[in-house]
Amino acid sequence: MAKLYFKYGAMGCGKTIHLMQTAFNYCERGQKVCVIKPKVDSKNGDKLLTRIGMERETDFVFSRDDDLFERIKRNYIDVNCVLVDEAQFLIKEQVDQLMLVVVELNIPVMCYGLRLNFRQEDGGFDGATRLLQIAHTIDEIKTICECGRKATTNARFLDDKLVVDGPDILIDDGKTEIEYRALCQHCFHKLLSE
(Lines give C-alpha, C1' and ligand atoms only; values in the text may rest on other atoms or scores of the structure.)
Protein backbone atom coordinates (compact mmCIF):
# COMPACT_ATOMS: atom_id res chain seq x y z
CA MET A 1 0.00 0.00 0.00
CA ALA A 2 1.34 3.46 -0.93
CA LYS A 3 1.77 6.07 1.81
CA LEU A 4 2.13 9.83 2.24
CA TYR A 5 5.40 10.63 4.01
CA PHE A 6 6.53 13.88 5.62
CA LYS A 7 10.25 14.16 6.29
CA TYR A 8 11.00 17.41 8.08
CA GLY A 9 13.96 19.12 9.67
CA ALA A 10 15.57 22.46 10.41
CA MET A 11 17.42 24.43 7.76
CA GLY A 12 20.57 22.73 6.54
CA CYS A 13 19.75 19.24 7.82
CA GLY A 14 19.99 17.68 4.36
CA LYS A 15 16.33 17.35 3.31
CA THR A 16 17.10 17.92 -0.37
CA ILE A 17 20.05 15.52 -0.25
CA HIS A 18 17.74 12.86 1.23
CA LEU A 19 15.25 13.52 -1.58
CA MET A 20 17.99 13.19 -4.22
CA GLN A 21 19.28 9.98 -2.63
CA THR A 22 15.77 8.54 -2.69
CA ALA A 23 15.35 9.51 -6.35
CA PHE A 24 18.72 7.93 -7.15
CA ASN A 25 17.76 4.70 -5.37
CA TYR A 26 14.51 4.40 -7.34
CA CYS A 27 16.20 5.16 -10.67
CA GLU A 28 19.10 2.79 -9.97
CA ARG A 29 16.53 0.00 -9.64
CA GLY A 30 14.93 0.86 -12.98
CA GLN A 31 11.96 2.72 -11.52
CA LYS A 32 10.65 6.18 -12.38
CA VAL A 33 10.18 9.13 -10.05
CA CYS A 34 8.49 12.49 -10.39
CA VAL A 35 10.43 15.25 -8.60
CA ILE A 36 8.56 18.51 -8.00
CA LYS A 37 8.97 21.76 -6.08
CA PRO A 38 6.92 24.93 -5.57
CA LYS A 39 7.45 27.91 -7.86
CA VAL A 40 7.82 30.17 -4.82
CA ASP A 41 11.20 28.48 -4.22
CA SER A 42 12.75 30.50 -7.02
CA LYS A 43 16.39 30.44 -5.91
CA ASN A 44 17.49 27.82 -8.46
CA GLY A 45 14.84 27.99 -11.16
CA ASP A 46 13.58 24.52 -12.04
CA LYS A 47 16.52 22.77 -10.33
CA LEU A 48 17.00 21.40 -6.87
CA LEU A 49 20.35 22.48 -5.45
CA THR A 50 21.90 21.30 -2.19
CA ARG A 51 24.25 23.26 0.05
CA ILE A 52 27.07 20.89 -0.91
CA GLY A 53 26.59 21.47 -4.64
CA MET A 54 24.54 18.48 -5.79
CA GLU A 55 21.77 19.43 -8.20
CA ARG A 56 18.92 17.81 -10.08
CA GLU A 57 16.29 18.97 -12.55
CA THR A 58 12.70 18.78 -11.39
CA ASP A 59 9.98 17.23 -13.49
CA PHE A 60 7.88 20.32 -12.86
CA VAL A 61 7.46 23.29 -10.58
CA PHE A 62 3.99 24.16 -9.36
CA SER A 63 2.11 27.23 -8.23
CA ARG A 64 -0.50 27.54 -5.50
CA ASP A 65 -3.24 27.24 -8.16
CA ASP A 66 -2.07 23.89 -9.56
CA ASP A 67 -4.09 20.75 -8.89
CA LEU A 68 -1.31 18.27 -8.17
CA PHE A 69 -3.55 15.21 -8.31
CA GLU A 70 -4.80 16.07 -11.80
CA ARG A 71 -1.34 16.97 -13.06
CA ILE A 72 0.22 13.74 -11.77
CA LYS A 73 -2.73 11.65 -12.99
CA ARG A 74 -2.53 13.21 -16.44
CA ASN A 75 1.27 13.23 -16.96
CA TYR A 76 2.98 10.98 -14.41
CA ILE A 77 0.66 8.01 -13.87
CA ASP A 78 3.54 5.62 -14.65
CA VAL A 79 5.89 6.77 -11.88
CA ASN A 80 6.79 4.66 -8.87
CA CYS A 81 7.14 7.58 -6.46
CA VAL A 82 6.47 11.34 -6.24
CA LEU A 83 9.09 13.40 -4.38
CA VAL A 84 8.22 16.93 -3.21
CA ASP A 85 10.89 19.42 -2.11
CA GLU A 86 10.09 22.50 0.04
CA ALA A 87 6.76 20.91 1.01
CA GLN A 88 6.06 23.57 3.62
CA PHE A 89 5.01 25.83 0.72
CA LEU A 90 2.17 23.51 -0.33
CA ILE A 91 -1.28 24.78 0.43
CA LYS A 92 -3.69 22.61 2.43
CA GLU A 93 -5.64 21.60 -0.70
CA GLN A 94 -2.45 20.44 -2.43
CA VAL A 95 -1.54 18.21 0.51
CA ASP A 96 -5.03 16.70 0.22
CA GLN A 97 -4.44 16.25 -3.52
CA LEU A 98 -1.20 14.40 -2.79
CA MET A 99 -3.14 12.13 -0.44
CA LEU A 100 -5.42 11.36 -3.42
CA VAL A 101 -2.31 10.43 -5.44
CA VAL A 102 -1.52 7.90 -2.70
CA VAL A 103 -5.07 6.58 -2.23
CA GLU A 104 -6.46 6.62 -5.77
CA LEU A 105 -3.31 6.13 -7.87
CA ASN A 106 -1.42 3.94 -5.36
CA ILE A 107 1.75 6.02 -5.80
CA PRO A 108 3.86 6.77 -2.70
CA VAL A 109 4.46 10.49 -2.09
CA MET A 110 7.45 11.68 -0.05
CA CYS A 111 7.37 15.32 1.05
CA TYR A 112 10.47 17.06 2.40
CA GLY A 113 10.28 20.41 4.17
CA LEU A 114 10.35 22.59 7.23
CA ARG A 115 7.96 21.91 10.10
CA LEU A 116 8.09 25.44 11.56
CA ASN A 117 8.59 28.89 10.17
CA PHE A 118 11.17 31.23 11.70
CA ARG A 119 8.56 32.62 14.14
CA GLN A 120 7.75 29.13 15.49
CA GLU A 121 4.04 29.89 15.62
CA ASP A 122 0.75 28.54 14.33
CA GLY A 123 2.29 25.18 13.59
CA GLY A 124 4.44 26.78 10.91
CA PHE A 125 3.49 26.72 7.24
CA ASP A 126 0.11 25.55 5.91
CA GLY A 127 1.69 22.68 3.97
CA ALA A 128 3.67 21.46 6.96
CA THR A 129 0.69 21.77 9.27
CA ARG A 130 -1.52 19.71 6.97
CA LEU A 131 1.19 17.10 6.43
CA LEU A 132 1.57 16.74 10.21
CA GLN A 133 -2.19 16.19 10.39
CA ILE A 134 -2.63 13.55 7.67
CA ALA A 135 0.70 11.97 6.63
CA HIS A 136 0.93 8.23 7.23
CA THR A 137 4.58 8.48 8.29
CA ILE A 138 6.38 11.48 9.81
CA ASP A 139 10.17 11.44 10.22
CA GLU A 140 12.57 14.06 11.51
CA ILE A 141 15.88 14.63 9.72
CA LYS A 142 18.19 15.91 12.43
CA THR A 143 20.99 18.46 12.41
CA ILE A 144 23.02 20.29 15.00
CA CYS A 145 23.25 23.85 16.25
CA GLU A 146 26.46 25.89 16.21
CA CYS A 147 26.92 24.86 19.88
CA GLY A 148 26.59 21.14 19.11
CA ARG A 149 23.09 20.57 20.52
CA LYS A 150 20.22 19.31 18.37
CA ALA A 151 18.89 22.17 16.19
CA THR A 152 15.11 22.57 15.98
CA THR A 153 14.68 26.28 15.23
CA ASN A 154 14.95 28.03 11.87
CA ALA A 155 16.28 31.46 12.85
CA ARG A 156 16.15 34.34 10.36
CA PHE A 157 18.89 36.96 10.37
CA LEU A 158 18.73 40.22 8.43
CA ASP A 159 22.10 41.94 8.14
CA ASP A 160 23.35 39.55 10.86
CA LYS A 161 20.56 40.50 13.31
CA LEU A 162 18.01 37.94 14.56
CA VAL A 163 14.44 38.83 13.55
CA VAL A 164 11.26 37.15 14.76
CA ASP A 165 8.61 38.83 12.63
CA GLY A 166 7.96 39.52 8.98
CA PRO A 167 6.62 37.53 6.03
CA ASP A 168 7.06 33.75 5.91
CA ILE A 169 8.66 34.03 2.48
CA LEU A 170 11.43 36.58 2.07
CA ILE A 171 13.37 36.61 -1.20
CA ASP A 172 16.83 38.17 -1.29
CA ASP A 173 16.51 41.63 -2.88
CA GLY A 174 20.25 42.31 -3.00
CA LYS A 175 19.91 45.16 -0.47
CA THR A 176 19.62 43.18 2.75
CA GLU A 177 21.65 40.12 3.64
CA ILE A 178 19.19 37.34 4.50
CA GLU A 179 20.49 34.28 6.31
CA TYR A 180 18.81 31.36 8.03
CA ARG A 181 20.54 29.33 10.73
CA ALA A 182 19.46 26.12 12.42
CA LEU A 183 19.67 26.73 16.17
CA CYS A 184 18.82 24.86 19.35
CA GLN A 185 16.25 26.43 21.66
CA HIS A 186 19.01 27.43 24.11
CA CYS A 187 20.97 29.47 21.53
CA PHE A 188 17.80 30.90 20.00
CA HIS A 189 16.56 32.24 23.33
CA LYS A 190 20.02 33.51 24.24
CA LEU A 191 20.18 35.52 20.99
CA LEU A 192 16.61 36.68 21.47
CA SER A 193 17.39 38.12 24.89
CA GLU A 194 20.50 39.97 23.69
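Residue numbers run consecutively from 1 along every chain, following the written order of its sequence. A pLDDT threshold of at least 70 governs which residues receive local features in this predicted model, and a stricter bar of 80 or more applies before side-chain atom pairs are shown or counted, although totals over entire chains, interfaces and linings include all residues. Think of the side-chain values as coming from all heavy atoms in the structure, minus any hydrogens and water.

## Description of the overall build of the chain
No. 1: Under the DSSP-based scheme used, a helix requires at least four consecutive residues in state H or I and a strand at least two consecutive residues in state E, with every element numbered from the N terminus. A count of helices and strands for the chain gives five helices and 11 strands.
No. 2: Dimensions of the chain, computed from the C-alpha atoms along their principal axes, are close to 55 × 30 × 30 Å.
No. 3: Here a residue-residue contact requires only that any non-hydrogen atoms of the pair lie within 4.5 Å. Summarising the internal contacts of the chain: among those between residues at least 6 apart in sequence, 72% fall at separations of at least 24.
No. 4: For the chain, the distance from the average site of its 27 positive side-chain charges to the average site of its 31 negative ones is 4 Å. Only four residue types enter the charge count, namely Lys and Arg as positive and Asp and Glu as negative; His and the chain termini do not. Charge positions are represented by NZ for Lys, CZ for Arg, CG for Asp and CD for Glu.

## What to know about the pattern of salt bridges
No. 1: In what follows, salt bridge is the name for a side-chain nitrogen of Lys or Arg lying within 4 Å of a carboxyl oxygen of Asp or Glu. In the structure shown here, the tally under the stated rule is 11 salt bridges.
No. 2: Among the salt bridges present, the one from lysine 7 reaches aspartate 139, with a minimum N-O distance of 3.3 Å. With lysine 7 in strand β1 (residues 4-8) and aspartate 139 in strand β8 (residues 137-140), the pair connects residues that are 132 residues apart, well separated along the chain.
No. 3: Looking at lysine 7, the relative accessible area reads 18%, which means it is buried.
No. 4: By relative accessible area, which is 32% here, aspartate 139 ends up partly exposed.
No. 5: The salt bridge involving arginine 71 is made with aspartate 66; its shortest N-O contact spans 3.5 Å.
No. 6: Take arginine 71: its relative accessible area is 23%, and that puts it in the partly exposed class.
No. 7: Only protein chains enter the accessibility calculation, which uses a 1.4 Å probe; a residue whose area is less than 20% of its type maximum is buried, one above 50% is exposed, and one in between is partly exposed. Among the residues examined, aspartate 66 registers a relative accessible area of 23% and is labelled partly exposed.
No. 8: What you see here is one network of salt bridges that share partners, running through Glu146, Asp160, Glu179 and Arg181.

## Observations regarding unusual backbone geometry
No. 1: With a phi angle near 55°, asparagine 106 is a residue other than glycine that sits in the positive phi range.
No. 2: Tracing the sequence through the fold places asparagine 106 in the loop between α3 (92-105) and β7 (109-113).
No. 3: Relative accessible area serves as the criterion here: at 51%, asparagine 106 is assigned to the exposed category.
No. 4: With a phi close to 70°, aspartate 160 is a non-glycine residue in the positive phi region.
No. 5: By secondary structure assignment, the location of aspartate 160 is in the loop between β9 (153-158) and β10 (161-163).

## Digging into the packing of α3 against helix α4 (residues 126-134)
No. 1: For helices, the fitted line uses only the C-alpha atoms of the stretch in contact; every axis is such a line through C-alpha atoms, and the angle between N-to-C directions lies from 0 to 180 degrees. Across the interface, α3 lies against α4 with an axial gap of 8 Å and an inter-helix angle of 40°. Judged on the interaxial angle alone, α4 and α3 are oblique. In this structure, α3 meets α4 at a crossing whose hand is right-handed. Residues Lys92, Val95, Asp96 and Met99 of α3 form the contact with α4, whose own contacting residues are Gly127, Arg130, Leu131 and Ile134.
No. 2: Classes in brief: Ala, Val, Leu, Ile, Met, Phe, Trp, Tyr, Cys and Pro nonpolar; Asp, Glu, Lys and Arg charged; the others, Gly included, polar. Per-class residue counts for the contact of α3 with α4 are four nonpolar, one polar and three charged. Oblique is the label for any angle not covered by the other classes, which are roughly parallel (under 35 degrees), roughly antiparallel (over 145) and roughly perpendicular (65 to 115). By convention, the crossing between two helices is left-handed when the near helix turns anticlockwise from the far helix through less than a right angle, and right-handed when the turn is clockwise.

## Let's talk about the nonpolar core
No. 1: In this structure, Leu4, Val82, Val84, Leu90 and Cys111 are the most contacted members of the largest nonpolar core, which totals 34 residues.
No. 2: Counting only elements with at least two residues in this core, the list comes to β1, β2 (33-38), β5 (60-62), α2 (68-75), β6 (81-84), α3, β7 and α4.
No. 3: Sort the elements by how many residues they give to this core and α3 lands first, with six residues.
No. 4: With residues near it in sequence (within four places) discarded, cysteine 111 still touches Leu4, Tyr5, Phe6, Lys7, Val84, Ala87, Leu90, Leu98 and Leu131.
No. 5: Residues grouped as a nonpolar core are buried Ala, Val, Leu, Ile, Met, Phe, Trp, Tyr and Cys residues, joined through side-chain atoms within 4.5 Å. In this structure, Met20, Val35, Leu83 and Tyr112 belong to the second largest nonpolar core, which totals 13 residues.

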